[in-house]
Amino acid sequence: MSSSAVVPTARGALPLVGHAPALLRDALGFFSALPALGDLVRIRLGSQSMVLVCSPELTWKLLQDDRTFDKGGHVMDRVREIGGDGLASCPHSQHRRQRRLCQPSFHASRYAGYSTVMAAEAEAAAAQLRHGQTADVHRHVMRYASQAGVRAMFSTGVPDEYMELFPGDVATVLEGIVVRAVLPPVLTRLPTPGNRRYFQARSRTRQTVSRIIAQHRASGTDHGDLLSSLLAATDTESDDGSRTLSDSEALDQVVTFLLAGTETTATTVSWALHLLAQNPQIQRRVREQIDTVLRGAAPSHDDLPRLELIDHVITETLRLYPAAWLNTRITTRDTRLGDFDLPQGTSLVYSPYVIHHRSDVYDDPELFLPDRWHGVRPDRTTYLPFGGGARKCIGDRFAWTEIALFLATLLSRWEFSPADDRPVVPAVGLSLTPKNLRLRVTRRTAPDC
Ligand code: HEM
């Protein structure tokens, strides 16, 4: 084996705080500049240090070996405070059983049911827009896309008042996870307004889901929703005692799905609308295809394969703005990655955003070019919005279906254009959300067909 290289440290680390100020100033700019330094680059945040995997090949290697590069580290510890050992945060030792138990909920046969609920919420979102209004599109989409996700997960038993509070609670919890991963633990326990909001959102989410699970168990029927399938799942490879999910495991799973699946999906719809507003020619072509395929009807699950351009728009939106832009791992043993020896306990991060914006991987990486996907299947080693390997997103198809239904429904009725010149920028947290996204909404003239 050749000798180990030293992982270079990103420039500009300050005493005590390390790279935190640079990250707070412009996290995406900071991360995007790191591949120029090497395949692996070290970042310092206060007393902590983590290594960003910049090369697509080494990222793929990391994703293929989920035993050595396991879930863990500071952020994951904070995720566990709300999602317990759910599928996204559990260690490798629990992962295969959990994945087998969750997989039936995402089987192709469930999607006709989920998409009926999603299409109804997309319809409600379209119906609430007004001709000539300047809309806070992200807020609007967040509300209805979150509801679509929640109703597909539990068709019954969600209190109306919780439906109102839910998008805010998810945003508060996701923001709280980031803040708590960065702040010293003592500060996260003080009774500050921010900490109180976080604790309230966290306990409200867990208590509400817990009540809904109890109701579903008591009813004993398949409501066609994700929770019914989760509660019915049996793992024939486990011992008798662990063949099904216990109530507390089901709670962790559902809370994980809510956290992992609602803001990420809604935010992708918002980014797609932003990019289409910036590119009216592409928006016009998308609408033409919607008119040809739907002929004035509301979109359904069966229509989606024929809405090819929407597919390309989603693919390109997730390349430019992959909602889960930064994901963490920890090494469970001494290992080697590329030319570098990494001791057990090394914190690593990989970033779909960094890989997707490399100019040696994509031509004109900063441009929105949905046609680059015409007749081209994304390469699974360099197109990573849903990660890869055994820990790849279980909800990718769920998300894709919801995003496509929302885009098809909204664009069949409305045109979107920028409301002002203020630049729309990504607000960086656990996901990438569009800040300052205000779009003018115009009713479409009736299509000819
Ligand atoms: C556009 C929307 C979405 C994006 C961009 C996204 C992205 C991702 C990524 C990158 C991972 C891998 C994380 C890692 O490697 O550490 C992941 C995992 C996961 N996602 Fe998603 N996701 C989306 C929607 C959803 C939805 C709708 C659900 C559930 C309904 C969901 C549930 C999960 C779960 C449970 C995992 C962990 C899988 C495992 O470890 O086996 N996601 N997601």
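The coordinates are above.
This text gives an overview of the structure that appears in the document. (Residues numbered from 1 in each chain as written. Predicted model: local features only at pLDDT ≥ 70, side-chain atom pairs only at ≥ 80, totals over all residues.)

1. Quick word on the overall build of the protein chain
And then number 1: For the protein chain, the count of helices and strands is 15 helices and 12 strands.
And then number 2: Over its C-alpha atoms the protein chain spans a radius of gyration of 22 Å, differing by no more than 12% from the 22 Å that the globule rule assigns to 449 residues.
And then number 3: With the C-alpha coordinates aligned to their principal axes, the bounding extent of the protein chain is approximately 70 × 55 × 45 Å.
And then number 4: Here the protein chain holds 449 residues, and the buried ones make up 43% of them.
And then number 5: Sequence-distant contacts in the protein chain: of pairs separated by 6 or more residues, those separated by 24 or more amount to 74%. (Helix = DSSP H or I, 4+ residues; strand = E, 2+ residues; numbered from the N terminus. Rg over C-alpha atoms; globule rule 2.2 N^0.38 Å. Buried ≥ 20, exposed ≤ 12 C-beta atoms within 10 Å, placed from the backbone. Contact = placed C-beta atoms within 7 Å.)

2. Considerations on the sheet that holds strand β2 (residues 48-53)
And then number 1: Taken together, the 5 strands give an open sheet; going across it, the order is β1-β2-β8-β5-β3, and neighbouring strands pair in mixed fashion. Each of the sheet's edge strands pairs with one partner strand only, and the pair in question is β1 (40-45) and β3 (69-70).
And then number 2: Here β1 runs beside β2; their pairing, made up of 6 bridges, is antiparallel. Bridged to Ile43 within β2 is Met50. (Pairing = 2+ DSSP bridges.)

3. With respect to the packing of helix α6 (residues 137-153) against helix α11 (residues 247-278)
And then number 1: Where α6 meets α11, the axes come as close as 8 Å, and the angle between the chain directions of the two elements is 140°. The angle between the axes of α6 and α11 places the two elements in the oblique class. The hand of the α6/α11 crossing is right-handed. Contacts from Val137, His138, Val141, Met142, Ala145, Ser146, Gly149 and Met153 in α6 reach Val254, Phe257, Gly261, Thr262, Thr265, Ala266, Val269, Ser270 and Leu273 in α11.
And then number 2: By residue class, the composition of the contact of α6 with α11 is 10 nonpolar, 7 polar and no charged. (Axes fitted to C-alpha atoms, helices over the stretch in contact; angles between N-to-C directions. Parallel < 35°, antiparallel > 145°, perpendicular 65-115°, else oblique. Left-handed = near helix turned anticlockwise from the far one by under 90°. Nonpolar A, V, L, I, M, F, W, Y, C, P; charged D, E, K, R; others polar.)

4. Brief notes about helix α15 (residues 396-413)
And then number 1: The end-to-end C-alpha distance of α15 is 26 Å, a good match for the 26 Å that 18 residues give at a rise of 1.5 Å each.
And then number 2: Counting buried positions along α15 gives 15 out of 18 residues, so the element sits mostly inside the fold. (Expected span 1.5 Å × (residues − 1).)

5. Structural notes on the nonpolar core
And then number 1: Grouped together as the largest cluster of nonpolar side chains are 116 residues, with contacts concentrated most on Val254, Ala272, Phe406 and Leu407.
And then number 2: Among the elements that take part in this core, α11 stands out by supplying 16 residues, more than any other.
And then number 3: Sequence-distant contacts of Ala272, defined by excluding residues within four places in its chain, comprise Val313, Ile314, Thr317, Ile403 and Leu407. (Core = buried A, V, L, I, M, F, W, Y, C linked by C-beta atoms within 7 Å.)

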